[in-house]
Amino acid sequence: MKTHQLVLAWIENQLSEGRLAVGGRLPAERSLAEQLKVSRTSVREAIRILEAMGVVRAGVGSGPDAGTVVISDPTAALGSALRLHVATQHLPVADIVETRVLLESWAVAHARRDSPELQAAARLLAEMDAETVGVDEFLALDVRFHLALADAAGNAVVSAMMGSLRESITGYASRLTGNLPDWNATAARLRCEHRDILAAVQNDDGERAAQLVAAHIEGYYKEAGLASGGTVPIRP
């Protein structure tokens, strides 16, 4: 095991046993290095990895923000990894679409009618109805709407996975708009489908909501010409 991995293993153990929690601070760099008998360089490398994973936030100087603090951002590492794998074509877009269908169908089927996230989803639909909304803003609101529905199910892992897909979804949805024959017609259809999905969730009809959201997601990508193998033909 490399020395920075020893540091990571120690921190993981501290978190697992409850000696470290969200909001807690890691020992000072020098102290941790001496305690684990590793170099300070190894400690810094471990902390950089944890920062990238969204587990800690490293502050400098002195005062209340100084030191390395345990935070909670489970989407950070997942999102970064997904973006890189999509960019290198290790993850076909069709697979991302299929994953969205699986996650969101489950989420809307289990969404709680009293969840405040449903109110947030309704507000996002109202923003999408504005005549001044451009394509990019519409797509950004669209993704936030779907994330709100996922959050309404109350499953932290599903929410984290959906959050990690956020940028991949936004990026490819935006690229595919150039393939659509009529954006205004597509946007009008998406608005209607959004309302139907939300209404089904609010009426506690999870089965219908799941069917609607699956058709909604798959329909957009099919209309934009996403090939079954996951390739994305972009019109010039």
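Owing to the predicted nature of the structure, the values given are computational and were not obtained by experimental measurement.

Student: Any chance you could explain the overall build of the protein chain here in plain terms?
Tutor: Across its full length, the protein chain holds ten helices and two strands. Put simply, the protein chain runs from its N terminus to its C terminus through helices and strands in the order α-α-α-β-β-α-α-α-α-α-α-α. The 236 residues of the protein chain split such that 40% are buried. Here the contacts in the protein chain between residues at least 6 apart in sequence split such that 70% fall between residues at least 24 apart.

Student: What's the story with the packing of aromatic side chains in this structure? I'm lost.
Tutor: Each aromatic ring pair is specified by the distance between its two centres and by the angle formed by the two planes. One pass over the full model with this rule turns up two aromatic pairs. Look at Phe138 and Trp183: their rings are 5.3 Å apart centre to centre, the planes differ by 85°, and that puts the pair in the edge-to-face class. Of this pair, Phe138 sits in helix H7 (residues 135–151) while Trp183 sits in helix H9 (residues 183–202), placing them 45 residues apart in sequence. Accessibility assignment for this pair places Phe138 and Trp183 in one class, buried. Considering the side-chain rings of Tyr220 and Tyr221, the 5.4 Å spacing of their centres and the 90° angle between planes classify their relative orientation as edge-to-face. The pair formed by Tyr220 and Tyr221 is uniform in burial state, with each residue classed as buried.

Student: Where do I start with empty space enclosed by the protein in this structure?
Tutor: Vacant regions in the atomic arrangement are exposed by a probe of water-molecule size rolled over the atoms. Scanning the model with the defined rule gives one cavity of 30 Å³ or more in all. The computed volume of the largest cavity comes to approximately 130 Å³. Contributing to the lining of the largest cavity are Arg100, Leu139, Asp142, Val143, His146, Ile169, Ala173, Leu190, His216, Ile217, Tyr220 and Tyr221. Among the secondary structure elements, those contributing two or more residues to the lining of the largest cavity are H7, helix H8 (156–176) and helix H10 (206–223).

Student: I would appreciate a short explanation of H10 in the present structure.
Tutor: Think of an α-helix as turning once every 3.6 residues; residues three or four places apart then point the same way. Helix length check: H10 (18 residues) gives 26 Å between terminal C-alpha atoms against 26 Å at 1.5 Å per residue, within 8%. Restricting attention to buried positions, one finds in H10 the residues Gly206, Ala209, Ala210, Val213, Ala214, His216, Ile217, Tyr220 and Tyr221. For H10, the angular spread of buried residues about the axis comes to 155°, placing them on one side. Facing away from the buried surface of H10 by more than 90 degrees, the exposed residues are Glu207, Gln211 and Lys222. Two residues or fewer after H10 comes Gly225, characterised by a positive phi angle close to 85°.

Student: Looking at this model, I keep getting lost on unusual backbone geometry. Mind explaining?
Tutor: Positive phi outside glycine occurs at Lys37, with the angle close to 60°. Positive phi outside glycine occurs at Asp204, with the angle close to 60°. Secondary-structure assignment places Asp204 in the loop between H9 and H10.

Student: Please explain the pattern of salt bridges as it appears in this structure.
Tutor: Side-chain pairing between opposite charges can occur once the charged atoms of the two side chains come close. Taken as a whole and judged by the stated rule, the model has eight salt bridges. Residue Glu193 pairs with Arg189 through a salt bridge whose shortest N-O separation is 2.9 Å. On the criterion of helical spacing, the pair formed by Glu193 and Arg189 is a turn pair, its members being four residues apart in helix H9. A salt bridge links Glu223 to Arg189; its shortest N-O distance comes to 2.4 Å.

Student: For this particular structure, what's the right way to read the nonpolar core?
Tutor: Nonpolar side chains in soluble globular proteins tend to be buried together. Formed by 50 residues in total, the largest nonpolar core has its most connected members in Val108, Phe138, Phe145, Leu149, Met162, Tyr220 and Tyr221. Elements supplying a minimum of two residues to this core: helix H5 (93–110), helix H6 (116–128), H7, H8, H9 and H10. The dominant element in this core, judged by the number of residues it contributes, is H7, at nine residues. Trp10, Leu26, Val56 and Val70 belong to the second largest nonpolar core, which has 15 residues in total.

Student: What is the right way to look at the confidence of the model for the protein chain in this model?
Tutor: Any residue range with low pLDDT should be treated as having predicted coordinates unsuitable for detailed reading. Put simply, the protein chain has an average pLDDT of 85, and 84% of its residues get 70 or more. Contacts for the low-pLDDT stretch residues 228–236, under 50 throughout, to residues beyond four places or in other chains number 18 contacts.

Student: Where do I start with the side chain of His194 in this structure?
Tutor: Relative to the elements of secondary structure, His194 occurs in helix H9. Classification of His194 by relative accessible area gives buried; the value is 0%. A distance of 3.3 Å separates a polar atom in the side chain of His194 from a polar atom in the side chain of His216. Discounting chain neighbours no more than four positions away, the residues touching His194 are Leu125, Met128, Asp142, Phe145, His146 and His216.

Here is what the cut-offs are and how they apply
- Residues numbered from 1 in each chain as written.
- Predicted model: local features only at pLDDT ≥ 70, side-chain atom pairs only at ≥ 80, totals over all residues.
- Heavy atoms only, no water.
- Helix = DSSP H or I, 4+ residues; strand = E, 2+ residues; numbered from the N terminus.
- Buried < 20%, exposed > 50% of the residue type's maximum accessible area, 1.4 Å probe, protein only.
- Contact = heavy atoms within 4.5 Å.
- Phe/Tyr/Trp six-rings, centres within 6.5 Å; stacked < 30°, edge-to-face > 60°.
- 1 Å grid on protein atoms, 1.4 Å probe; cavity = no way out; pocket = protein on both sides within 12 Å on 5 of 7 lines; lining within 4 Å.
- Points joined across faces, edges and corners; volume = space filled by probe spheres on them.
- Expected span 1.5 Å × (residues − 1).
- Arc of directions from axis to C-beta.
- Salt bridge = Lys/Arg side-chain N within 4 Å of Asp/Glu carboxyl O.
- Core = buried A, V, L, I, M, F, W, Y, C linked by side-chain atoms within 4.5 Å.
- pLDDT = per-residue confidence, 0-100.
- Polar contact = N/O pair within 3.5 Å; in protein donor to acceptor, adjacent residues only side chain to side chain.

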